[in-house]
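Survey of secondary and tertiary structure
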Number of protein chains: 2
Amino acid sequence: MTEPRLAQQFAFLLEAEKLKSVTRATPIADNSRRENSAEHSWTLALYALVLADQAAPGVDVNRAIRMLLLHDLVEIDVGDVPIHSGNGAAHDAPAVQAAEAAAAGRLFGLLPADLGPELRAIWTEFEANETPTAVFAKSLDRVQPVLLNHLGGGGSWLEYDVTWPQLETRVGGKVARGLPRVWDWVEAKIRPWFEGRGR
Amino acid sequence: MTEPRLAQQFAFLLEAEKLKSVTRATPIADNSRRENSAEHSWTLALYALVLADQAAPGVDVNRAIRMLLLHDLVEIDVGDVPIHSGNGAAHDAPAVQAAEAAAAGRLFGLLPADLGPELRAIWTEFEANETPTAVFAKSLDRVQPVLLNHLGGGGSWLEYDVTWPQLETRVGGKVARGLPRVWDWVEAKIRPWFEGRGR
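Note that this is a predicted model, so its numbers are computed, not measured. Residue indices follow the written sequence of each chain, beginning from 1 at its first position. The lettering of chains begins at A and the numbering of ligands begins at 1, in the order of writing. Note on the predicted model: pLDDT of at least 70 is required for a residue's local features to be given, and 80 or more for side-chain atom pairs to be given and counted; whole-chain, interface and lining totals, by contrast, use all residues. In computing side-chain values, all of the structure's heavy atoms are included and hydrogens and water are not.

Attention now moves to the relation of the copies chain B and chain A. Least-squares superposition of the copies uses the C-alpha atoms of those residues scoring a pLDDT of at least 70 in each of them. By a simple turn and slide, chain B fits onto chain A: the slide is 0.0 Å along the axis, the RMSD is 0.0 Å, and the turn is 180°. Given the turn and translation reported, the copies of this chain are related as if by a two-fold rotation axis. Every residue pair with non-hydrogen atoms within 4.5 Å of one another is taken to be in contact. In this assembly the copies share their binding face: 100% of the residues contributing to the interface of chain B also contribute to that of chain A.

Quick look at the structure:
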């Protein structure tokens, strides 16, 4: 039987499996290995579900969950660019953003013509970080690695010799934008780690 | 500052990180290692998003996504019980189900008193496999490992010496219940693998 639509849907889903082999800078909680971008995406969708009561007015939590499921797929082509790499400048570099846009074109282009643009629009909204839903989702994406680094005894903070002012600039302000009470809570928890190292 | 609610939410979220260390029988797509239950859960939520048009009337896709994000958390305490282990009987054994119920009590019990029962009810609905939404979600949970085993050259079918009639009984019928067209498509793709091995 010919099922061209299902063939397109599964071409995308089987390609997405590759996100399990994209490694991030952050260790998993027991510090035994680095996190991959697929399991990171699961964690963030769970964060959106559990922290929904922290969302600002106007946030669509179901759409935020979809954003977080999709947000890192472009890393299949581009890899993960750690937030503290390149002295904090690599993540938002124009060349990275152009490569990610090309990856989005390739990946969402595998889908049927009605569905691909719909899912790409969710990813584009996340990247633009302007709507309340995107700001909420992006704040979750910034805060989870902080907690994993703290659980793992430093993680990518050690690798990139991150100071407290750098963390506040690169991460804290962005978390606080969507989740101010969460950032206050996390700051109280992690700041002693930086003070203890004189950073 | 005291934020007991946030402390409960993060107690749950940080405990959930342990799902990344629960290993499944199925290999990831390039056959380099076994899949873990956290990244498996991400894949299934993505399946629900991409295959939403295959859902029967009455399916709430947003709730299905939540189910699939939560469905394997009990494995943090119980581990993954492969579908083909114990000659296909281990997965639904009463002792496993009792242990999973106890795990659900412990894990969802970490959450605030309004949120824990709400999320546990989503998990219970999935396990009961009666509502259209649960049947859809359960069908996705059954079909994705089939495709990974096929991509990986056999995976857990080789480990447990699975025959085609066994796959039809343990998996095919359950996939077809929620996703009949998907099972037809998958069957056409994978059946030659079993025929080629005389199984």
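Here we come to the UniProt feature "domain: HD" (unreviewed entry) in chain A. Per the UniProt annotation, the sites labelled "domain: HD" (unreviewed entry) are residues 16–183 of chain A. Runs of E in the DSSP output that reach at least two residues are strands. Runs of H or I that reach at least four are helices, and both are numbered from the N terminus. Helix makes up 60% of residues 16–183 of chain A and strand 5%. Its end C-alpha atoms lie 31 Å apart. UniProt positions are given in the numbering used here, feature names are shortened, and annotations may be inferred rather than shown by experiment.

Pairing of aromatic rings covers Phe, Tyr and Trp, the last counted by its six-membered ring, and requires centre-to-centre distances within 6.5 Å; plane angles under 30 degrees mean stacked, over 60 mean edge-to-face, and any other angle means tilted. Counting across every chain of the model gives 16 aromatic pairs over all chains. Pairing A:W157 with A:W193 gives two aromatic rings, centres 5.1 Å apart and planes at 50°, and the pair type is tilted. Taken together, the residues span a long stretch of sequence, with A:W157 in helix α8 (residues 156–159) and A:W193 in helix α10 (residues 180–196) at a distance of 36 residues. Grouping residues by exposure puts A:W157 and A:W193 together as buried. Geometrically, the ring pair formed by B:F12 and B:F108 is stacked, given 6.0 Å between the ring centres and 25° between the ring planes. With a gap of 96 residues between them, B:F12 in helix α1 (residues 4–16) and B:F108 in helix α5 (residues 94–108) connect regions that are remote in the sequence. Taken as a pair, B:F12 and B:F108 share a single burial class, namely buried. Among the aromatic residues, ring-to-ring pairing joins A:W157, A:W164, A:W183, A:W193 and A:F194 into one connected group. Burial classes: relative accessible area under 20% of the type maximum marks a residue as buried, over 50% as exposed, and values in between as partly exposed (1.4 Å probe, protein chains only).

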